[in-house]
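Below are the chains, spelled out letter by letter.
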Amino acid sequence: MRCAVASFDGVVSVSAARSGGARGDGARGGGHGGRAGGRGGGGDGLKTKTRRARHASTSGAMHLEVRLDPPSLEQPVPKLIVFDLDDTIWFPELYMMAGAPWSCDRRGVVTDCANEELRVYPAAREAIAMIATHAAFAETKLAVASRTNRAQWAFAVMDLHVC
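Residues numbered from 1 in each chain as written. Predicted model: local features only at pLDDT ≥ 70, side-chain atom pairs only at ≥ 80, totals over all residues. Heavy atoms only, no water.

Caption draft 1: A look at the nonpolar core. Core analysis: the biggest nonpolar cluster contains 30 residues, and F83, I89, W90 and L118 have the highest contact counts within it. Put simply, the parts of the chain that give this core at least two residues each are β3 (80-84), β4 (90-91), β7 (117-120), α1 (122-133), β8 (141-146) and α2 (151-159). (Core = buried A, V, L, I, M, F, W, Y, C linked by side-chain atoms within 4.5 Å. Buried < 20%, exposed > 50% of the residue type's maximum accessible area, 1.4 Å probe, protein only. Helix = DSSP H or I, 4+ residues; strand = E, 2+ residues; numbered from the N terminus.)

As structure tokens, this is what we get:
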């Protein structure tokens, strides 16, 4: 597995990609029965997906007002907190987007080159804000991890400070 680690504004970012063995080659068991040309096929070690139609998240999570209760200063907190990106921090997933160049307007709305909006879940925004500002988390590191094969897009979006 190849890994890349980057740090920006005190946040550690980790990106990983498998090396060798595509799905269905029997190397990891299961898969799609060795079917050639299937999802993830090609032997390049990268997972490929078909782009779905763009649509708003149907979970209702985008429309919740979130208020998290901070821990007391005496309460133990983790030394490291890791968030997934796609459909945990933001929606839609990056493979569903048209891609770079990304832009951020004065209201903080991030859009791709097709003017499709990448929305941050309110609960994720609130959690990250609490971790970044509350004294109980002063020694806690924040990291992100993603299986995306669009790591450069993820880094570019994070550079726009979407959270």
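Caption draft 2: Molecular detail of α2. Considered for burial, the residues of α2 that qualify are A151, A154, F155, V157 and M158. Viewed along the axis of α2, the buried residues span an arc of 165°, placing them on a single side of the element. Following α2 by one or two positions, H161 adopts a phi angle in the positive range, close to 55°. (Arc of directions from axis to C-beta.)

Caption draft 3: Just the side chain of S146, in detail. Assignment of secondary structure puts S146 in strand β8. Accessibility expressed as a relative area gives 13% for S146, which makes it buried. At 3.2 Å, the side chain of S146 and the backbone nitrogen of T148 are in polar contact. (Polar contact = N/O pair within 3.5 Å; in protein donor to acceptor, adjacent residues only side chain to side chain.)

Caption draft 4: Here's a closer look at the confidence of the model for the protein chain. Mean pLDDT over the protein chain: 73, with 61% of residues reaching 70 or higher. A low-confidence stretch, residues 1-43 (pLDDT under 50), is modelled with 65 contacts involving residues beyond four sequence positions or located in other chains. Across residues 46-53, where pLDDT falls below 50, the model places 22 contacts with residues more than four positions away in sequence or in other chains. (pLDDT = per-residue confidence, 0-100. Contact = heavy atoms within 4.5 Å.)

Caption draft 5: Here's a closer look at the packing of aromatic side chains. Following the criterion strictly, the structure yields one aromatic pair and no others. Aromatic pair W102 and W153: ring centres 6.0 Å apart, planes at 75°, arrangement edge-to-face. Note that W102 is positioned in the loop between β4 and β5 (103-104) and W153 in helix α2, a separation of 51 residues in sequence. Classification of W102 as buried rests on a relative accessible area of 11%. (Phe/Tyr/Trp six-rings, centres within 6.5 Å; stacked < 30°, edge-to-face > 60°.)

Caption draft 6: Up close: the pattern of salt bridges. What the rule picks out here adds up to one salt bridge. In this structure, R107 engages D105 in a salt bridge whose closest nitrogen and oxygen atoms are separated by 3.2 Å. Residue D105 is classed as partly exposed on the basis of its relative accessible area of 31%. (Salt bridge = Lys/Arg side-chain N within 4 Å of Asp/Glu carboxyl O.)

Caption draft 7: Up close: the pairing of β3. Residue alternation in β3 divides its side chains into a buried set, I81 and F83, and an unburied set, L80, V82 and D84. Judged from the five bridges that link them, β3 and β8 form a sheet pairing that is parallel. For F83, the partnering residue across the bridge sits in β8 and is V144. (Pairing = 2+ DSSP bridges.)

Caption draft 8: Seen up close, the sheet that holds β5. Overall, antiparallel pairing links the four strands, which are arranged β4-β7-β6-β5 in an open sheet. Edge strands, defined here as strands with exactly one partner in the open sheet, are β4 and β5. Note that β5 and strand β6 (residues 110-111) share two bridges and pair antiparallel. Along β6, the bridge assignment pairs S103 with T111.

Caption draft 9: Geometry of the environment of D84. Mapping D84 onto the fold places it in strand β3. Residue D84 is classed as partly exposed on the basis of its relative accessible area of 34%. A C-alpha to C-alpha distance of 8.6 Å links D84 and R147, two positions 63 residues apart in sequence.

Caption draft 10: Quick peek at unusual backbone geometry. Cis peptide bonds are those with omega within 30 degrees of zero, and the linkage from F91 to P92 qualifies with 0°. Considering the arrangement of structural elements, one finds P92 in the loop between β4 and β5. Cis peptide bonds are those with omega within 30 degrees of zero, and the linkage from A100 to P101 qualifies with 5°. Here P101 is to be found in the loop between β4 and β5. Despite not being glycine, D87 shows a phi value in the positive range, around 60°. Here D87 is to be found in the loop between β3 and β4. In this structure D87 comes out as partly exposed when scored by relative accessible area, which is 38%. Located in the positive-phi region is N115, a residue other than glycine, with phi close to 65°. With respect to the secondary-structure elements, N115 resides in the loop between β6 and β7.

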